[in-house]
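Topology and contacts: notes
What follows is the residue order along each chain.
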Amino acid sequence: MSSITESFARAVFLIYHLDRELLRIIMLSLEVSGTALVLASLAGLPLGALLGFRNFPLKGLFLTVLNTCMGLPPVAVGLFLYLVLSRSGPLGFLSLLYTNTAMIIAQWVLALPIVASLSHASIVSVDPVIRQASMTLGATPFQISLTVIREARYGIMSGVIAAFGRVIAEVGAILIVGGNIAGYTRVMTTTIALETDKGNFELALALGLILLGISLSINVALHVVQKRGLAGARRWP
Amino acid sequence: MALRLTASHITKGYDGNPVLRDCTFSFAAHGVYVLTGANGCGKSTFLRICALIEAPESGDIDFFSVGAPLPKDLALRRRITLVLPRVGVFNTTVFGNVSYGLRIRGIGGSRARKKVSDALEFAGLTHKKDQNALTLSSGETQRLGIARALVIEPEILFLDEPTASVDQKNTEIIEEIILNMKRDRMTTVVITTHDREQAKRLSDFPLIMDGGKISAV
Ligand SMILES: Nc1ncnc2c1ncn2[C@@H]1O[C@H](COP(=O)(O)OP(=O)(O)OP(=O)(O)O)[C@@H](O)[C@H]1O
Ligand SMILES: [Mg+2]
């Protein structure tokens, strides 16, 4: 019991003094997940828009697959990517395994379906009268689409935030393709796993608390965005 | 030369139920046309087709200024506009809503600001310009729809029930705007309403829709 309190106190001490190693781990986590998120948004939003505005054969099936991918097990994504990137794999010649790039790719795969699927959902739920109004005011088809996307912006932002929440907290994929190499590919979640294993609870706890803080911030942001979106949903009959 | 509109032999239905049947009418003169008719007879449908928002199943909508009908392209669509019964407010400020039509035409800067303030003034919404448009009352929302249309200076303005669920004072303001547009800007206005008194007050050309056709009263 006293060991838990002691660990807690030491963890708080670590956070308070924020040593270089701790800071580096946090920064790398944010960098990897942030980059993955930006790239996933750059691909996911247009994909969501395409699905929202265009019809093509097997679109329903595609959407179902995309929705299913929102819940991809990170470990499975890590394993698959490992096989692709390992020396004997099809992309082995790129020597990406155990690099930041590999971790970014893994989290990109996890974030993309979330951003795309939630973007699609918010775009199709925009009141059709918006599209008509934009048309009556003389918009080109492209301008109409932009207007609809703009109206869906809070839903799209929720999707991006949700995706960030998922990748920043994920450990399975990043551990497999990043390798948790000290000073190189060691991020918050993988460090927590490793240090707990080693019985080094202070560092694990410190990182756990920080991760919790980040999760909390993400949820607050999500809440704010959704509240704003709700205000936007109040349309006159 | 003023823009004129002819609808010829328009047919339109939904899910196999005919709404407009061989509907022909020519909006040949400048003035206010007031279209009345029972609920569900097809007035809104007709306006959407005239405003080139929806295509008819058969028949033709033709706009003329001189000679041959104009091609139904973006340039033509930008000379007319329709204020929908539900308006379709964008989730931004009142100012942002009204400037929309100018922004998509690539008009910005002080010239655009002047036009927007004029339209807001015209619609009595100047004091609301920084408010989120979704928080307007229903009467203000209707006026917003009109301001948004005014700013692009349409040659033909379609208004679909602009005073439904609007109080008397706001109705007067809206009627005033319509008459001003007709007089000052030489706009041809086509409006639908269920208010007989309003129809009398506004119309140069009272029209009635019945059995999927339009006729002059
Ligand atoms: N998008 C649609 N899908 C299916 N049916 C439609 C659609 N739009 C209109 N209708 C039907 O077409 C008919 C005419 O509708 P419309 O809105 O044009 O009537 P209206 O004359 O404007 O009626 P109101 O006075 O109540 O506004 C109605 O029976 C309506 O249910
Ligand atoms: Mg109607």
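Residues numbered from 1 in each chain as written. Chains lettered and ligands numbered in written order. Predicted model: local features only at pLDDT ≥ 70, side-chain atom pairs only at ≥ 80, totals over all residues. Heavy atoms only, no water.

**Digging into the site of ligand 1**
All names here are of chain B. Quick note on the threshold: One heavy atom within 4 Å of a molecule or strand makes the whole residue count as near it. By definition, any uninterrupted DSSP run of H or I lasting at least four residues is a helix, any uninterrupted run of E lasting at least two residues is a strand, and each is numbered from the N terminus. Classification convention: Asp, Glu, Lys, Arg as charged; Ala, Val, Leu, Ile, Met, Phe, Trp, Tyr, Cys, Pro as nonpolar; all other residues, Gly among them, as polar.
Around ligand 1 sit 14 residues, and of these Gly40, Lys43, Ser44, Thr45 and His194 come closest. With 4 residues, the single largest contributor to the shell around ligand 1 is helix α1 (residues 43-50). Of the residues in the shell around ligand 1, the class split is 4 nonpolar, 6 polar and 4 charged.

**A look at the interface of chain B and chain A**
It is common to give the size of an interface as the accessible area lost on bringing the parts into contact. Using the following cut-off: Contacts between residues were defined by any pair of non-hydrogen atoms, one from each residue, lying within 4.5 Å. Computed with a 1.4 Å rolling probe, the buried area is the accessible surface lost when two parts are put together, summed over both parts. Criterion for a salt bridge: a side-chain nitrogen of Lys or Arg within 4 Å of a carboxyl oxygen of Asp or Glu.
Contacts between the two partners involve 28 residues from chain B, matched on the other side by 24 residues from chain A. Between chain B and chain A the total buried area reaches about 2300 Å² when both faces are included, carbon and sulfur atoms providing 54% of it. It is Arg86(B), Asn91(B) and Leu134(B) in chain B that bury the most area against chain A; as a group they hold 28% of the surface buried on that side. At the boundary of chain B with chain A, the tally comes to 1 salt bridge.

**Description of the sheet that holds strand β2 (residues 17-27) of chain B**
Residue and element names in this part refer to chain B. Condition: Two strands pair if DSSP finds at least two bridges between them. Fitted lines through C-alpha atoms give the axes, limited to the stretch in contact for helices. The angle between two N-to-C directions lies from 0 to 180 degrees.
Taking strand neighbours across the sheet as the criterion, the 3 strands line up as β2-β1-β4 in an open arrangement whose pairing is antiparallel. Among the strands making up the open sheet, the edge pair consists of β2 and β4 (58-64). Across the sheet, the axes of successive neighbouring strands diverge by a mean angle of 15°, strand direction being ignored. Inspection of the sheet shows strand β1 (residues 4-14) paired to β2 by 7 bridges, in the antiparallel sense. Bridge assignment links Gly13 to a residue of β2, and that residue is Pro18. Across the face of the sheet, α1 comes into contact with β1, β2 and β4 while running at roughly 125° to β1.

**Let's talk about the side chain of Arg77(B)**
As a reminder of what qualifies: Three exposure classes are used, based on accessible area relative to the maximum for each residue type with a 1.4 Å probe and protein chains only: buried under 20%, partly exposed in between, and exposed over 50%. By the counting scheme adopted, Arg and Lys are positive, Glu and Asp are negative, and His together with the chain ends is not counted.
Assignment of secondary structure puts Arg77(B) in helix α2 (residues 74-77). Of the side chains with opposite charge, Asp73(B) lies nearest to the buried Arg77(B), which makes no salt bridge, at 7.7 Å. Residues contacting Arg77(B), with those up to four places away along its chain left out, are Met135(A), Gly138(A), Ala139(A) and Leu52(B).

**Quick notes on the side chain of Thr192(B)**
Residues and elements named next belong to chain B. Let me state the cut-off plainly: Side-chain atoms alone can form a polar contact between residues adjacent in sequence; in general such a contact is a pair of N or O atoms within 3.5 Å, and within protein one must be able to donate a hydrogen while the other accepts it.
Its location among the elements puts Thr192 in strand β7 (residues 188-192). For Thr192, a relative accessible area of 0% translates into the label buried. Among the polar contacts made by the side chain of Thr192, one reaches the side chain of Asp160 at a distance of 2.7 Å. Each residue touching Thr192, except ones within four places of it in the same chain, is listed here: Leu35, Lys43, Leu47, Leu159, Asp160, Glu161 and Pro162.

**Focus: the nonpolar core**
Convention followed: Nonpolar core, defined: a set of buried Ala, Val, Leu, Ile, Met, Phe, Trp, Tyr and Cys residues in which side-chain atoms within 4.5 Å join the residues together.
Core analysis: the largest hydrophobic core is formed by 84 residues, its most contacted members being Phe46(B), Ile61(B), Phe63(B), Val98(B) and Phe158(B). Leave out the neighbours within four places in its chain, and Val98(B) touches Val116(B), Ala119(B), Leu120(B), Leu144(B), Ala147(B), Arg148(B) and Val151(B). Of all hydrophobic cores here, the second largest spans 43 residues; its members include Leu97(A), Ile114(A), Ile210(A) and Val225(A).

**A closer look at the sheet that holds strand β5 (residues 80-83) of chain B**
Residues and elements named next belong to chain B. Strand order in the open sheet formed by 6 strands is β5-β6-β7-β3-β8-β9, with mixed pairing between adjacent strands. Only two strands of the sheet have a single partner each, and these edge strands are β5 and β9 (213-216). In this sheet, adjacent strand axes meet at a mean angle of 20° when their direction is disregarded. Two elements, strand β8 (residues 205-210) and β9, share 4 bridges in a ladder whose sense is antiparallel. Paired with Leu207 across the bridge in β9 is Ala216. Strands β5 and β6 (156-160) of the sheet are contacted by helix α5 (residues 138-150), whose axis makes an angle of about 175° with β5.

**Points about the packing of helix α3 (residues 94-103) of chain B against helix α4 (residues 109-122) of chain B**
If you want to describe how two helices pack, look at the angle between their axes and the distance between the axes. All names here are of chain B. Put simply, the rule is: Oblique is the label for any angle not under 35 degrees, not over 145, and not in the 65 to 115 range, which are roughly parallel, roughly antiparallel and roughly perpendicular in turn. For a crossing to be left-handed, the near helix must be turned anticlockwise from the far one by less than a right angle; the clockwise case is right-handed.
The N-to-C vectors of α3 and α4 enclose an angle of 120°; their axes lie 10 Å apart at closest approach. With respect to their mutual orientation, α3 and α4 come out oblique. The handedness of the crossing between α3 and α4 comes out as right-handed. Of α4, the residues touching α3 (which contributes Val94, Phe95, Val98, Ser99 and Leu102) are Ala112, Arg113, Lys115, Val116, Ala119 and Leu120. Taken together, the residues of the contact of α3 with α4 sort by class into 8 nonpolar, 1 polar and 2 charged.

**Remarks on the packing of helix α2 (residues 20-53) of chain A against helix α5 (residues 100-124) of chain A**
All names here are of chain A. Between α2 and α5, whose axes approach to 6 Å, the crossing angle comes to 35°. Regarding α2 and α5, the two cross each other, and that crossing is right-handed. Considered class by class, the residues forming the contact of α2 with α5 number 20 nonpolar, 10 polar and 1 charged.

**Remarks on the pattern of salt bridges**
Side-chain pairs of opposite charge can arise whenever the charged atoms involved come near each other. Within the structure shown, the criterion is met by 16 salt bridges over all chains. With a shortest N-O distance of 3.8 Å, Glu6(A) and Arg10(A) are connected by a salt bridge. Of the two residues, Glu6(A) and Arg10(A) are both situated in helix α1 (residues 2-17); the distance of 4 residues between them amounts to about one turn of the helix. When its relative accessible area of 48% is taken as the criterion, Glu6(A) is described as partly exposed. A salt bridge links Glu197(B) to Lys200(B); the nearest nitrogen and oxygen atoms lie 3.7 Å apart.

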